[in-house]
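Chain by chain, the residues run as shown.
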Amino acid sequence: MTTLPLSRPRAGRSLLARREARWALVFISPWIVGFFAFTLLPMVATLAFTFTNVNLNQTEPLRFVGLDNYKAVFSDKSTWDSLGVTLKFAALSLPVAVLLPLAVALLLGSRHLRFAGMFRVLFFLPYVVPFVAGVLIWESMLNVDSGWIDQLLKLIGVSDPPNWLQDPTWVYPGLVLLGVWGIGGGVIVYLAGLRGIPSEYYDAARIDGAGVWASFRHVTLPLLSPVIFYTLILAIVDVLQYFLVPLVLNQGTGEPGGTTLFLNLYIYKNFFAYQNMSYGATLAWILFALTLVVTLFVFASARRWVYYAGER
Amino acid sequence: MHARLSRPGILFAAIALLASACGGSAASPSASSAPSSEASASVAPPSTGPATVPPGGPIQIRWFCCLGGGDDPSQQKVFKQVIADFNASHPNIKVVFDYTAYSGARDAFATRVASGNPPDIVGPLGVGGANAFEGQWLDLSQHIQTNNIDLSGFDQGVINLYKAGGQGQLGIPFAIYPSELYYQPDMFDAASLEPPPANYGDQYKMPDGSMVDWNYDTVRQIAMQLTVDKAGKNATDSAFNPKQIVQYGFEPQRDDLRTMGAAYFAAGKFLADDGKTAQIPDAWAAAWKWVYKGMWTDHFILTGPAYNSQTFNGGGYAFNSGHVAMQENFLWNVCCVTDAGGNWNLAALPSYNGKVTAPLNADTFRITKGTKHPDEAFTVLQYLVLGAAHTKLLNSISGFPALKAEQADYFTQLQQQKDDKGKLIYPPDVNWNVVTQAIPFADIDPNSENAMPKYNKSLDILAKYLTRWTSNPGLNMDNELNNLKQELQTTWNAAS
């Protein structure tokens, strides 16, 4: 028998260290149990569903269907329509979700702004309002007859203001407008990022003759790029999973005319409204793969535009 | 070691989850316990159950609500009282109320069925709501026979409504809602027009004194005269401004594409008799073209934007806004038609190609195929739809009795209803007679809410086209109808 060198470091761990490790496991075990029971297991189960014909109103015998569910995606017009809806909305909402909080954070971080603390609180306040309540309030605000936004537009001479939530042309701008409600979280993250930029850089830029724009372009943006990157990733994931707003606003009907039938909502409907668990699970995995690919692509692009001060 | 052990564990758990999710798949009525000791006759209240409590306690029967309605707190109160009364008189059965709000009821019910734990009784439930769960309802034929229940008090057509799909008698008629033409006499007077015919078979007197058939062409002509712009010009006038309409002539029932003109033109269904082919009945195609032209060319029907406006929406039913002269709708709309003003009335529906069709909605209670206690469930069902509770339940949901002998009283009661200030709710001379006249013209087989594959998904497709047609002028309706048919067919053909 030879001595196993690999066991030596383990044997070298103190009693205290082992006890601490045990307690650490005890303390994180609720999370581990939760993760297995409520995340990993359902994920594995849904993956299994994709190869079966399981549904909530099962009238046929349960059977293995191979890749039929995946093939069905290609001929399902509603899937492509809902993906189109999601991408159209993403094209409109992503720039707003990433740039508007940045603009607001820059204003709030300005030395010239008085009552900055109060404004920070005001911008963050909507973020803590329960989301569903916020959506319902916005529904009233965007109402074409009684909403104050259209009332205001009428006051300034717009005779036929948009029907934000019923007109297929205006529904996406309406939803983007509604999304402005939640920029408070992004603003706080950007503000923290701005605070983290050493003032010496701005001083040095000023000495070199840089104006406001040049300082922003050559100092703020590069040093804030990790935060922008982080916000972008979260915004992409959020927009691909956009669900709650159309569910609350239109009870998930996709009205007007399917323009709010987002991919995630369509997945939900397949699971529950259409009771088609296997197809819903297939779409959920496709959405997962799509999200993964897009975020990996953004991660790959990060090398070109995200600046980490610690890197060579 | 731990990692190796966890993999089979995960697999086992996944399979267990999968298996439990599929547990309801083979749902079938279990061998029942002892046959019901109750033998109730036709519409007489079922006798009380045996006085003895079976060993192990009373058998629990779960009543699931609200897959088709019954959400209102006032209705819930009645339902709970009905349950308390039943439980007090039936020590062998305990009815438990299983409530989920309408908005989440389909999901909740589907989950219960899939988990192998379906409720025993579901209701009140319409035909469409039941068809969303086709194959999950118990055939009551045997129980009806065993319990000597006489259904002769019901219209045969209404009984047949619950025989759809060759799956047996899936329900006992309870509440029905025939269709009528609601109209505003004052608007007709103002336009110097005769009111619509009060009886089926009557002709209509045009302004020039000629007598014509009461059909959709006639409706179009007079609806245009009843459509008025801000300057008081009607839709037949060359100076009429369709952008400033203050009163519309006609409103179709627009909850569903199948009733937006279509089923009022003729009974039909999307699913062909072969059980797999999507079809669009000719009469339905004609109806949708008529409605589309009425919206965008003749302007006597509200477009989508007009319908969604506060002025005309009327809480989802434009006639109730008080700015629409005629509407086709079901009887259940009487609940809210009082908002349309104090002088509305009912008339005969027009005919299409010489034939009248009056779409019928109906509510009842059903027993699930997966109930473990079909006999006890049937005892409860009898109590609800035929027994002591049925009048209370009908009143709570404003249901028109399917039982012919009770129909006249229903209108007498309605006519006597008063508001909080003691004022009569309904106009004194409503032509209720036309409601019962409409029953023989009902669309029984096929019913507008007939079953079709992928029912809920198909409904979403219909809703999408409804919005598209009511929102966009200039569409080629022949192409639209082809696209609709093709989309339904593709959806039905899909493997999943």
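A quick note: this is a predicted structure, and the numbers were derived from the prediction, not measured. (Residues numbered from 1 in each chain as written. Chains lettered and ligands numbered in written order. Predicted model: local features only at pLDDT ≥ 70, side-chain atom pairs only at ≥ 80, totals over all residues.)

*Asks:* An account of the overall build of chain B is requested, with residue identities and associated values reported.
*Replies:* Along the backbone of chain B there are 18 helices and 15 strands. Across the 496 residues in chain B, those meeting the buried criterion constitute 49%. Residue pairs at least 24 apart in sequence account for 75% of intrachain contacts in chain B once pairs closer than 6 positions are excluded. (Helix = DSSP H or I, 4+ residues; strand = E, 2+ residues; numbered from the N terminus. Buried ≥ 20, exposed ≤ 12 C-beta atoms within 10 Å, placed from the backbone. Contact = placed C-beta atoms within 7 Å.)

*Asks:* Could you give an account of the domain arrangement of chain A, with specific residues and numbers?
*Replies:* Domains assigned within chain A are domain 1 (7–49) and domain 2 (68–305). The distance between the C-alpha centroids of domain 1 of chain A and domain 2 of chain A comes to 35 Å. (Domains from an automatic or database assignment.)

*Asks:* I'd like a description of the sheet that holds strand S14 (residues 361–367) of chain B, backed by residues and values.
*Replies:* All names here are of chain B. In space, the six strands of this open sheet follow the order S2-S1-S3-S14-S4-S15, with mixed pairing throughout. Either end of the sheet is taken by a strand with one partner, and the two such strands are strand S2 (93–99) and strand S15 (400–401). Where strand S1 (residues 59–65) meets strand S3 (residues 121–126), two bridges bridge the pair, whose relative direction is parallel. Paired with Phe64 across the bridge in S3 is Val122. On top of the sheet, helix H13 (residues 374–385) reaches S1, S2, S3 and S14; it is set at about 150° to S14, its chief contact. (Pairing = 2+ DSSP bridges. Axes fitted to C-alpha atoms, helices over the stretch in contact; angles between N-to-C directions.)

*Asks:* Give me the lowdown on the confidence of the model for chain B, citing residues and values where you can.
*Replies:* When pLDDT drops low, the exact placement of atoms in the prediction is not to be read closely. Residues and elements named next belong to chain B. On average, residues of chain B carry a pLDDT of 87, and 89% of them reach 70 or more. Predicted confidence is poor over residues 1–50, with pLDDT under 50, and the contacts of this stretch with residues over four places away or in other chains come to 90 contacts. Quick note on the complex model: pTM equals 0.81, ipTM equals 0.72. (pLDDT = per-residue confidence, 0-100.)

*Asks:* Any chance you could break down the confidence of the model for chain A for me, citing the residues and the numbers?
*Replies:* Residues and elements named next belong to chain A. Mean pLDDT over chain A works out to 89, with 95% of the residues at or above the 70 mark. Within chain A, helix H14 (residues 277–305) carries the highest mean pLDDT (95), whereas helix H1 (residues 7–11) carries the lowest (50). A low-confidence stretch, residues 1–8 (pLDDT under 50), is modelled with zero contacts involving residues beyond four sequence positions or located in other chains.

*Asks:* With reference to specific residues and values, describe the interface of chain B and chain A.
*Replies:* Taken together, the contact pairs 37 residues of chain B with 41 residues of chain A. For the side of chain B that touches chain A, the secondary structure elements donating two or more residues are helix H1 (2–21), helix H3 (102–114), helix H11 (304–308), helix H17 (455–471) and helix H18 (477–493) of chain B. At eight residues, H17 of chain B tops the list of elements feeding residues into the side of chain B that touches chain A. Of the residues in the side of chain B that touches chain A, the class split is 15 nonpolar, 14 polar and eight charged. (Nonpolar A, V, L, I, M, F, W, Y, C, P; charged D, E, K, R; others polar.)

*Asks:* Got a sec to walk through the domain arrangement of chain B? Specific residues and values, please.
*Replies:* All names here are of chain B. Per the domain assignment, the segments of chain B are domain 1 (36–176 + 362–401) and domain 2 (179–359 + 445–493). Placing the centre of domain 1 and that of domain 2 at their C-alpha centroids yields a distance of 34 Å. Listed as interface residues are eleven residues of domain 1 and, on the opposing side, ten residues of domain 2. If you tally residues by element for the side of domain 1 that touches domain 2, the top one is helix H4 (residues 127–131), at three residues.

*Asks:* Describe the sheet that holds strand S10 (residues 324–330) of chain B, and please don't skip the residues or the numbers.
*Replies:* All names here are of chain B. On the basis of which strands lie adjacent, the open sheet formed by five strands has the order S8-S9-S10-S5-S11 and mixed pairing. Only two strands of the sheet have a single neighbouring strand rather than two, namely strand S8 (228–229) and strand S11 (345–347). Inspection of the sheet shows strand S5 (residues 179–183) paired to S10 by five bridges, in the antiparallel sense. Directly across from Leu181, in S10, lies its bridge partner Glu328. Running at roughly 165° to strand S9 (residues 245–251), helix H8 (residues 216–226) makes contact with S9 and S10 of the sheet.

*Asks:* Mind laying out the packing of helix H10 (residues 199–207) of chain A against helix H11 (residues 212–240) of chain A, listing which residues take part and the relevant values?
*Replies:* Residues and elements named next belong to chain A. At their nearest, the axes of H10 and H11 sit 10 Å apart, and the two run at 130° to each other. Put simply, H10 runs oblique to H11. When the axes of H10 and H11 are compared, the crossing they make is right-handed. Contact residues: Tyr201, Tyr202 and Ala205 in H10; Ala214, Ser215, His218 and Val219 in H11. Counted by class, the contact of H10 with H11 contains five nonpolar, two polar and no charged residues. (Parallel < 35°, antiparallel > 145°, perpendicular 65-115°, else oblique. Left-handed = near helix turned anticlockwise from the far one by under 90°.)

*Asks:* Residues and numbers for the pairing of S9 of chain B, please.
*Replies:* Residue and element names in this part refer to chain B. When you tally the buried positions in S9, you get six out of seven residues, the bulk of the element. Relative to S9, S8 runs antiparallel, the two sharing two bridges. When the sheet's bridge partners are listed, Asp229 is paired in S9 with Ile245. The pairing of S9 with S10 spans three bridges and is classified as parallel.

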